[in-house]
Amino acid sequence: MKLSLGFSPCPNDTFIFDALIHKKIDTEGIDFDVFFDDVETLNKKVFKNEPDISKLSFHAFAYAINNYALLDAGSALGHGVGPLLISKNNELTDREYIRQHYNLKVGIPGEFTTANFLLGLAFPELKNKKILVFSEIEQALLDNTIDLGLIIHENRFTYQDKGLHKIIDLGDYWEKETGLPIPLGGIVINRRIDPKIQSTVDRLIRKSIEYAFENPKSALDFIKSHAQEMDEKVMYKHIDLYVNNYSVSLGAKGREAVNLLFKKASELELIPSINQPLFVERVS
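Residues numbered from 1 in each chain as written. Predicted model: local features only at pLDDT ≥ 70, side-chain atom pairs only at ≥ 80, totals over all residues. Heavy atoms only, no water.

Let us look at the nonpolar core. Within the largest apolar cluster, 53 residues are counted, with the highest numbers of intra-cluster contacts made by F61, L85, L119 and L148. If one sorts the elements of this core by residue count, helix α5 (residues 114-122) sits on top with six residues. By size, the runner-up hydrophobic cluster in this structure holds 37 residues, among which are I16, A227, M230 and V243. (Core = buried A, V, L, I, M, F, W, Y, C linked by side-chain atoms within 4.5 Å. Buried < 20%, exposed > 50% of the residue type's maximum accessible area, 1.4 Å probe, protein only. Helix = DSSP H or I, 4+ residues; strand = E, 2+ residues; numbered from the N terminus.)

Next comes the structure, spelled out in structure tokens:
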């Protein structure tokens, strides 16, 4: 059996999937047709019901839940891992100033990203948004084509080197509001796939992550080949932030965080009503 699998070229995803797609673990007769895209492109492909398995923003999951279910393994949750709102102008680091000047143009990494959802929670006044590929946001700030930038992934580690300034860590904002880890993205599987296969894929991704933890340098060449010339130390900082015990299994606390994210989004009418179970059920 061959299943299509989409994920981002970022180090956390390539670290997670290396052992799976390169068969460093037993894939139990399943092959994977792999494609790489930025998170917003992945979101849109899922909206079209195209891939069998895909990385997906949790915000976007609300719009795809009729066709997809969330796997227990592979998610990015954690503490201190949230998107950052940044600026070029040091004067724009005052949050009250930003709330009063709500026409400031914000570069965001996608309409349906969890980052954009968290921005809406913290700064509902900011409506003037420009969608950019996540890796282009820093340069857009430097070029003065946007006033504020919402950054994710490896840009958390590079913005200060370019003279840019942090306004707020939206992950910290979420954690102070809820006391829970911030859910950023997960791995979803199409509901058209047999439940036993869904459960098998979940187990394989978990095994792939466990292999990566046990052999952290095994995926280095694969990670480097997709990491946009990122420094190796930065790559592993990125992995350490986004791949953790919640990636191996959401567990009770991870599921609570995901459920609360959907509850808050529903209360604010930011997402459609949810009429499907969120999570893949394990089938023996």
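With that out of the way, let us pick up the sheet that holds strand β8 (residues 129-131). Pairing within the open sheet is mixed, and its five strands lie in the order β8-β7-β9-β6-β10. Two strands close off the open sheet at either side, each with one partner strand: β8 and β10 (165-169). Pairs of neighbouring strands in the sheet enclose a mean axial angle of 30°, with direction left out of account. The strands that helix α7 (residues 170-178) touches are β9 (148-151) and β10; relative to β10, the one it contacts most, it runs at about 25°. (Pairing = 2+ DSSP bridges. Axes fitted to C-alpha atoms, helices over the stretch in contact; angles between N-to-C directions. Contact = heavy atoms within 4.5 Å.)

One way to put it is that α5 packs onto α7 with a least axis distance of 10 Å and a crossing angle of 60°. One finds that α5 runs oblique with respect to α7. Where α5 crosses over α7, the handedness of that crossing is left-handed. Facing A115, L118, L119, L121 and A122 of α5, the residues of α7 in contact are L170, Y173 and W174. Taken together, the residues of the contact of α5 with α7 sort by class into eight nonpolar, no polar and no charged. (Parallel < 35°, antiparallel > 145°, perpendicular 65-115°, else oblique. Left-handed = near helix turned anticlockwise from the far one by under 90°. Nonpolar A, V, L, I, M, F, W, Y, C, P; charged D, E, K, R; others polar.)

Another point: the pairing of strand β6 (residues 84-87). Residues L84 and I86 of β6 are buried on one face, and the alternating residues L85 and S87, pointing to the opposite face, are buried as well. Of the pairings in the sheet, the one linking β6 to β9 comprises four bridges and is antiparallel in character. The residue bridging L84 from the neighbouring strand is I151, located in β9. As defined by bridge partners, β6 adjoins β10 across four bridges and the pair is classed as antiparallel. When the sheet's bridge partners are listed, I86 is paired in β10 with K166.

Where burial is concerned, most of α5 is hidden: eight out of the nine residues are buried. Looking at α5, one finds that the buried residues are T114, A115, N116, F117, L118, L119, L121 and A122.

By secondary structure assignment, the location of K48 is in the loop between α2 (39-47) and β3 (53-57). Using a relative accessible area of 59% as the deciding quantity, one classes K48 as exposed. Along the sequence, K48 and A64 sit 16 residues apart, while their C-alpha atoms lie 8.7 Å from each other.

Our next topic: the side chain of E175. Tracing the sequence through the fold places E175 in helix α7. Although E175 is buried, it makes no salt bridge; R156 carries the closest opposite charge, 8.2 Å away. Polar side-chain contacts of E175 include one of 3.1 Å to the side chain of H79. (Lys, Arg positive; Asp, Glu negative; His and termini not counted. Salt bridge = Lys/Arg side-chain N within 4 Å of Asp/Glu carboxyl O. Polar contact = N/O pair within 3.5 Å; in protein donor to acceptor, adjacent residues only side chain to side chain.)

Once that is clear, we can look at the packing of aromatic side chains. Two aromatic rings, taken as a pair, are described by how far apart their centres are and by the angle between their planes. Inspection of the entire model under this criterion finds eight aromatic pairs. Look at F7 and F17: their rings are 4.5 Å apart centre to centre, the planes differ by 15°, and that puts the pair in the stacked class. With F7 in strand β1 (residues 2-7) and F17 in helix α1 (residues 11-21), this pair connects stretches of sequence that are ten residues apart. The pair formed by F7 and F17 is uniform in burial state, with each residue classed as buried. Geometrically, the ring pair formed by F7 and F36 is edge-to-face, given 5.1 Å between the ring centres and 80° between the ring planes. Taken together, the residues span a long stretch of sequence, with F7 in strand β1 and F36 in strand β2 (residues 31-36) at a distance of 29 residues. For F7, a relative accessible area of 0% corresponds to the buried category. In textbook terms, an aromatic cluster arises when at least three aromatic residues are bridged by ring pairs, as seen for F7, F17, F36 and F222. Directly above the aromatic system of Y236 lies the positively charged group of K217, at a separation of 4.5 Å from the ring centroid. The ring of F279 carries the charged tip of R255 above its face, separated from the ring centre by 4.3 Å. (Phe/Tyr/Trp six-rings, centres within 6.5 Å; stacked < 30°, edge-to-face > 60°. Lys NZ or Arg CZ within 6 Å of the ring centre and 35° of its normal.)

Its 17 residues place the ends of helix α12 (residues 251-267) 24 Å apart at the C-alpha level, agreeing with the 24 Å of an ideal helix rising 1.5 Å per residue. Along α12, the residues classified as buried are G254, A257, V258, L261, F262 and A265. Down the axis of α12, the sector holding all buried residues measures 130°, keeping them to one side. Facing away from the buried side of α12 by more than 90 degrees, the exposed set consists of A252 and E267. Looking at the residues trailing α12, positive phi occurs at E269, about 55°. (Expected span 1.5 Å × (residues − 1). Arc of directions from axis to C-beta.)

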